[in-house]
Amino acid sequence: MGWWHDPAVRIAVALASVGLVVVPACASDNAVLASAPPTSTTTSTTTPTSSTSTSSTTTTSTSTSTTTTATTLPPPIVVAPPPTRAVREQAWTPMLVTDGVTLHHPARIVERVGFHESNHDGARHLEAAATAVEPTVLDTRDRGTGRQTAADVVVDPALEIRAPVTGTVKRGGSYTLYCRHTDEYVVIVPDGADPAHWDVKVLHIVGLQVAAGDRVVAGETVLALHARQLPFESQVDELRTAEPAWPHVHIEAVDPTVADRPSPGGGC
């Protein structure tokens, strides 16, 4: 009988088919059936994971930073505006009074009336009228005459010069001032005054418009085109209210019969 017909072999084969291990008996021992613990077979099922890879693009923004260095600037230079010239518009109103004769402002716009010493000994004292523009007595010139025997009337340089008194032109023309400067003048005798004792002198003018024998009316008759701007600083210029200095018209009332002492340093 072959091995397959052996009952033990069949049993072993049957057990193996269901997971039992048959340990054959040693030749020297009785056949022993050993029961092995069941083998646990683990089936690992791998489920494919669908992984979606998201590509993230990072955009780096480069910011250009401009660094401004603060520069400390010096404080601005504040230039004060020039002063406004202090003037008064006069309709040729009364300016001076002397021995009963009234003299008027020679121009429509006047800045100041500055009294000073005449260089003629026969010059009369001049008193400021109530309407005189800024009458001021200037410092002495050591001429030995009264402090108010002449007046420098500072006027608008663009305006015409009119007669300060009503009367008759005695003479007029040009002369040399201080031996070197050309100037113009006019002499008027007031109405009712003795021509031998009265000379109302008007100096420092340009463009004489009258001649000897002409009758003039205070505040109306044009004597000259405008005042003369002298090429040097005069004493009254020190009292200017603004730059540049305006020209002035010199006015005085002289008694020509009074002997005049020679001027220091001679004359021209």
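Remember, it's a predicted structure, so these values are computed and weren't measured experimentally.

A.B. asks: Where do I start with the pattern of salt bridges in this structure?
C.D. replies: Opposite charge on two side chains lets them pair, provided their charged atoms get close. Counted under the stated rule, the structure contains 14 salt bridges. Close ionic contact of Arg85 with Glu111 constitutes a salt bridge, the shortest N to O distance being 3.2 Å. One end of the pair, Arg85, is in the loop between helix H1 (7-17) and strand E1 (88-89); the other, Glu111, is in strand E4 (residues 109-116), with 26 residues separating them in the sequence. The exposure class assigned to Glu111 is buried, which follows from its relative accessible area of 3%. Salt-bridge contacts for Asp183 lead to Arg228; the nearest nitrogen and oxygen are separated by 3.0 Å. Here Arg228 lies in the loop between strand E13 (222-227) and strand E14 (248-254) and Asp183 lies in strand E10 (residues 181-190), a separation of 45 residues in the sequence. According to the relative accessible area criterion, Asp183 is buried, its value standing at 0%. Looking at Arg228, the relative accessible area reads 19%, which means it is buried.

A.B. asks: Please explain the environment of Pro195 as it appears in this structure.
C.D. replies: By the element assignment, Pro195 lies in the loop between E10 and strand E11 (199-208). Looking at Pro195, the relative accessible area reads 46%, which means it is partly exposed. Linking Pro195 and Thr168, residues 27 residues apart in sequence, is a C-alpha distance of 9.5 Å. Discounting chain neighbours no more than four positions away, the residues touching Pro195 are Lys170 and Val189.

A.B. asks: Quick question: what am I supposed to make of the nonpolar core here?
C.D. replies: Across soluble globular proteins, you tend to see nonpolar side chains buried next to one another. Core analysis: the largest hydrophobic core is formed by 33 residues, its most contacted members being Leu96, Val155, Ile161, Val186, Leu223 and Val249. Of all the secondary-structure elements, those providing two or more residues to this core are strand E2 (94-98), strand E3 (101-104), E4, strand E7 (150-155), E10, E11, E13 and E14. In this view, Leu223 contacts Ile161, Arg162, Ala163, Pro164, Val186, Ile188, Val202, Gly207, Leu208, Gln209, Val210 and Val216; residues no more than four positions away in its chain are not counted. Membership of the second largest hydrophobic core comes to six residues, among which are Ile109, Leu159, Val236 and Trp246.

Calculation criteria
Residues numbered from 1 in each chain as written. Predicted model: local features only at pLDDT ≥ 70, side-chain atom pairs only at ≥ 80, totals over all residues. Heavy atoms only, no water. Salt bridge = Lys/Arg side-chain N within 4 Å of Asp/Glu carboxyl O. Helix = DSSP H or I, 4+ residues; strand = E, 2+ residues; numbered from the N terminus. Buried < 20%, exposed > 50% of the residue type's maximum accessible area, 1.4 Å probe, protein only. Contact = heavy atoms within 4.5 Å. Core = buried A, V, L, I, M, F, W, Y, C linked by side-chain atoms within 4.5 Å.

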